[in-house]
Amino acid sequence: MASLNKPGTAVEKPGRKVLIEAKNLTIGYELERERKLLTALRDINLIAYEGEFLVLVGPSGCGKTTFLNAVAGLLPPWEGTITYEGKRIEGVGSDRAMVFQDYAIMPWRTVSHNIEMAFEFRHHGLAKEEVQQRIQRTIEAVGLQGFEESYPYELSGGMKQRVGIGRALAAEPKVLLADEPFGALDAMTRQVLQGQLEALVAEFNQTVIFITHSIDEAISLGDRIGVISHRPGTVREIIEVDIERPRLAEGEITSHPRYGELREYLWSLVKDEAIQAQAASDFGDLDQDEDADRTETEHRALLDDPGGRL
Amino acid sequence: MTDTQTPQTATPGSPQPHEPRIRKARWTWERIWRRYSFVFITIVNLTVFFTIWELFATFGPVPSLIFPRFSEVLESLKIGWIGGGNLEGSDNRMLADFVISRNFWETLKIYSVSMVVSIGFGIPIGLLMGARKWVDAILSPYVWTLSSLPRIAIYPILVMFIGIGSEIKYAIIILTAIFPVIINTWAGVKTTEQSLINAARMFGASRSQIYRKVVLPYTLPFVVTGVQLSLSRGLIGVVLAEFLTGATQFGGIGWLVFRAANAFNAPLTYAALLSLAVFALILVQGTRSMEAKIAPWRQVSKT
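One structure accompanies this document, and this report is about it. (Residues numbered from 1 in each chain as written. Chains lettered and ligands numbered in written order. Predicted model: local features only at pLDDT ≥ 70, side-chain atom pairs only at ≥ 80, totals over all residues. Heavy atoms only, no water.)

1. Re the overall build of chain A
Phase 1: Along its length, chain A carries 8 helices and 10 strands.
Phase 2: When the 310 residues of chain A are sorted by exposure, 53% land in the buried category. (Helix = DSSP H or I, 4+ residues; strand = E, 2+ residues; numbered from the N terminus. Buried < 20%, exposed > 50% of the residue type's maximum accessible area, 1.4 Å probe, protein only.)

Listed below in C-alpha cells is the structure:
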C-alpha cells in the first residue's frame, strides 16, 4: 500500500494561501425547550486553501452542517475563531455562497428569477443588462437553457439542484459552501451532477467546502478530505486525494488504482466513527432528534435575531 | 413544448416517422362523454329533483303552508328579483316587487364591507404576530379566546354596547370572520422553511428583505386558505346577524328568510333561501380556484 498521509502531515501546505481558517473552534446551539446547550463541534482546527476542493465526511449528526453554517456566517462561534483571509467571519458576505441539501430555491420564483437572488440584495455595481447576461450565462453553464421561465415544481430534483448551484455561482463568489447538495438525488443524477460541479468549479476557479456522507463522492470530488468524528465533532484526520483532474469528465474514476486504496483507508476511518455514533444514539444520546430541534432553534434564533446581524 | 404539428401527424393509424411527443387527441363520443358527463348528469339530476318536489308538494301529505310547490317558489323568486307582481289587494305577507333583490344587495353590502375589514386587518395582525414575539405574546390570549368562543355568546354584550342597529351586523361578521385570517397568516409566517430564510440571508438579504421576499410569499397560500375559511365563516355571521337584527325593512336576505317564515309565506322563505344558497355556492366555488390562481407553485404538476 502506498504511503498515505498520516494525520497532520497533509494539513500544512506552506506554499499555498490560507483562505479560511478555523482555530480551536467550538460551536453548538441551544435546545430551547429542553434548556440544553448542545456542543456540535469541539476544538476544530481546519484550513481551506485558496482554490482547493475540501470535502468533509463524517457520520450523520456529527456537526458538519454546523461547521458550514459557521463559515457562512450564519452561526457565531462559541469559542475560538474562524477567519476568512485572516479576518474574523462576523456574518454573511458576498465572498461566500451556499448550496443547500434541500435546494432552498424559492418555489414562487422562476428559474431565472431564483438565480437573480444572487444579485438582488447586494451592491454589485453591475448594470441591469449585465446582470441579465450573467444570469443567462449561469443558466447555460448549469444546463438549464429553455427552463428560464419554469417554476421549481415543474423541475426534477436534479434540475432544482442545478438552480441551487447556479444561484450560488452566479455572482462568482470566492468560496462555494455545499451542504450535501446531492444527498437527496438518485445515483445517476448524482454522478452526472458531480461531474458538472467539478467542471464548473474549475471554470469559475472557486474554493469549495463540500459536505457529504458518501465516501465515493468525497474521493471523486475532493483535493483533501477531512474526516470528522462523531459528536461533539473534531477533525480526526485529513487525507489528500492524489488523483489528477479532471476526474469525472471522462472515464471512471473508480478504476483508478489509487481509488480503491483511498476508499479502503477512508472507510476504515469512517466506519469506526459511524459505529460509535450509532452506539451513542442507541444509548439515548441526543443524536436522533437533534436535526429537528436544531432547525427549530435556528429558526427562532433568526426571528429573534440575537446577534443583530440581520 | 411548442405546438407546431400539422393535422396529418395527429392522425392515428398512419404513424409518421417523427411524430411529436405530445399530440392532440381527436374528439370521439367516448371522450365527449368522459369530459361532459358530469354536466349532463347534473342537469338531469336537478330536473328530477325539482319535479319530485313539485309533485310531492302538490299531491303529498305535507301542507302547502310549510312546504310550497316549486312553481310557487319560482313565482316568488321572479317577483322578488325582477318585479312585475300583481299584488294589489291581496294579502301578500311581505312579498313585494324586488323584495329579494333589495335585501340581497343589503346583505352583500354589509358582507363585503365586513370582509374587507376582516381581511384588511386580519392579514397585518397575523403577520405581526408571526414576526414579532412580543406582539404574539400580547395578542394571543385575546385572539385564541375569541376565536374559540362561540361568537353568539358575546351578542348580549354587543347589544349593550352598540344596540341592534345595522352596526351590530358589522361587529358580528367581523368577529366571526377575522380570526381564520389572523391564525392562518400567523401559521404561515411561523412555518416558513428555515433553509429558504438561510438562503436569502446567505445572499445578503436584510431582515426586512427576508420578510418581504421570503416570509411573505411563503405565507401567501396560508393567507388564501385563511381568506377562504373567513369568507364562509363570514357568511354564517351575516345570516346570524340578520336573524338577530331589529330592522323593520330591508334587513338583508337572512332577515327576509326569518320574517317570511314568521309570516307563514313559505314560497318567499324558500325563494330567499334558494337565493342565499346560490350566492354561497358561487362564493365557495369561486374561492376554490383562488389558490391555484394566486399561488400556482403550490400545484402538483399535472399533465
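2. Regarding the sheet that holds strand β1 (residues 18–31) of chain A
Two modes of strand pairing occur in sheets, parallel and antiparallel, and in both the strands are linked by backbone hydrogen bonds.
All names here are of chain A.
Phase 1: Read from one edge to the other, the open sheet built from 4 strands follows the order β2-β1-β4-β5, with strand pairing classed as antiparallel. At either end of the open sheet lies a strand with only one pairing partner, and these are β2 (36–49) and β5 (87–88).
Phase 2: Direction of pairing for β1 relative to β2: antiparallel, over a ladder of 10 bridges. Counterpart to Y29 in the pairing with β2 is L38.
Phase 3: Packing of helix α1 (residues 64–72) onto the sheet brings it into contact with β1, β2 and β4 (79–84), and relative to β1 it is tilted by some 120°. (Pairing = 2+ DSSP bridges. Contact = heavy atoms within 4.5 Å. Axes fitted to C-alpha atoms, helices over the stretch in contact; angles between N-to-C directions.)

3. Side note on the packing of helix α2 (residues 111–120) of chain A against helix α4 (residues 157–170) of chain A
Geometry of a packed helix pair, given as the angle between the helix axes and the separation of the axes.
Residues and elements named next belong to chain A.
Phase 1: The contact between α2 and α4 brings their axes to 7 Å, and the two run at 30°. When the interaxial angle is binned, α2 and α4 end up roughly parallel. Note that α2 runs across α4; the crossing there is right-handed. Residues V111, N114, I115, M117, A118 and F119 of α2 pack against V163, G166, R167 and A170 of α4. (Parallel < 35°, antiparallel > 145°, perpendicular 65-115°, else oblique. Left-handed = near helix turned anticlockwise from the far one by under 90°.)

4. Describing the environment of E193(B)
Residues and elements named next belong to chain B.
Phase 1: The topology assignment puts E193 in the loop between α6 (167–190) and α7 (194–202).
Phase 2: Given a relative accessible area of 38%, E193 falls into the partly exposed group.
Phase 3: When the C-alpha atoms of E193 and P180 are compared, they prove to be 22 Å apart, with 13 residues separating the residues in sequence.

5. Details of a nonpolar patch on the surface
Phase 1: On the surface, W33(B), F40(B), I41(B), V44(B), V48(B), I52(B) and F56(B) cluster together to form a nonpolar patch covering roughly 690 Å² of accessible area.
Phase 2: Looking at the element boundaries, I41(B) is found in helix α1 (residues 29–59). (Patch = residues over 30% accessible without salt bridge, like charges linked within 9 Å, V, L, I, M, F, W, Y side chains within 5 Å. Areas by Shrake-Rupley, 256 points an atom, 1.4 Å probe, with all protein chains shown as cover. Salt bridge = Lys/Arg side-chain N within 4 Å of Asp/Glu carboxyl O.)

6. A closer look at the packing of aromatic side chains
Phase 1: What the rule picks out here adds up to 22 aromatic pairs over all chains.
Phase 2: Ring geometry for F49(B) against F50(B): centres 5.2 Å apart, planes inclined by 75°, an arrangement best described as edge-to-face.
Phase 3: Assessed through its relative accessible area of 47%, F49(B) is described here as partly exposed.
Phase 4: An aromatic cluster is defined as three or more aromatic residues linked by ring pairs; in this entry it consists of F49(B), F50(B), W53(B), F56(B), F67(B), F70(B) and Y270(B).
Phase 5: It is R96(A) that lies over the ring of Y84(A); its NZ or CZ is 5.7 Å from the centre. (Phe/Tyr/Trp six-rings, centres within 6.5 Å; stacked < 30°, edge-to-face > 60°. Lys NZ or Arg CZ within 6 Å of the ring centre and 35° of its normal.)

7. Brief notes about the nonpolar core
Within soluble globular proteins, side chains that are nonpolar generally end up buried alongside one another.
Phase 1: Counting 102 residues, the largest nonpolar core has F67(A), L177(A), L197(A), F210(A), I219(A), I225(A) and L266(A) as the members making the most contacts within it.
Phase 2: M115(B), A177(B), V257(B) and A260(B) belong to the second largest nonpolar core, which has 34 residues in total. (Core = buried A, V, L, I, M, F, W, Y, C linked by side-chain atoms within 4.5 Å.)

8. Section: the interface of chain A and chain B
Phase 1: On the side of chain B, 28 residues touch chain A, which itself brings 35 residues to the contact.
Phase 2: Interface area, chain A with chain B, both sides summed: about 3000 Å², of which 66% is carbon and sulfur.
Phase 3: For the pair chain A and chain B, the interface holds 1 salt bridge.
Phase 4: Two residues, K213(B) and E120(A), come together in a salt bridge whose shortest N-O distance is 2.8 Å.
Phase 5: The tally of links from chain A across to chain B stands at 4 residue pairs in polar contact (both at pLDDT 80 or more). (Buried area = accessible area lost by both parts, 1.4 Å probe. Polar contact = N/O pair within 3.5 Å; in protein donor to acceptor, adjacent residues only side chain to side chain.)

9. Let's talk about unusual backbone geometry
Residues and elements named next belong to chain A.
Phase 1: One non-glycine residue with positive phi stands out, namely Y103, at about 70°.
Phase 2: In this structure, Y103 sits in the loop between β6 (96–99) and α2.
Phase 3: Given the relative accessible area of 13%, Y103 is considered buried.
Phase 4: Of note in the backbone geometry, E172 takes a positive phi value of approximately 50° without being a glycine.
Phase 5: What makes E172 partly exposed here is its relative accessible area of 42%.

10. Description of the sheet that holds strand β9 (residues 224–228) of chain A
All names here are of chain A.
Phase 1: Ordered in space as β6-β7-β8-β3-β9-β10, the 6 strands form an open sheet in which the pairing is mixed. The strands lining the two open edges of the sheet, one partner per strand, are β6 and β10 (235–240). Pairs of neighbouring strands in the sheet enclose a mean axial angle of 20°, with direction left out of account.
Phase 2: Strand contacts of α4: β6 and β7 (175–179), with the helix running at about 180° to β6, the strand carrying the most contacts.

11. Side note on the side chain of R151(B)
Residues and elements named next belong to chain B.
Phase 1: For R151, the location among the structural elements is in the loop between α4 (133–148) and α5 (155–162).
Phase 2: Buried charge without a partner: R151 forms no salt bridge, and the closest opposite charge is D136, 17 Å away.
Phase 3: A polar side-chain atom of R151 sits 2.7 Å from the main-chain carbonyl oxygen of L175.
Phase 4: Here R151 is in contact with L146, L175, T176, F179 and R233, once residues within four sequence places are set aside. (Lys, Arg positive; Asp, Glu negative; His and termini not counted.)

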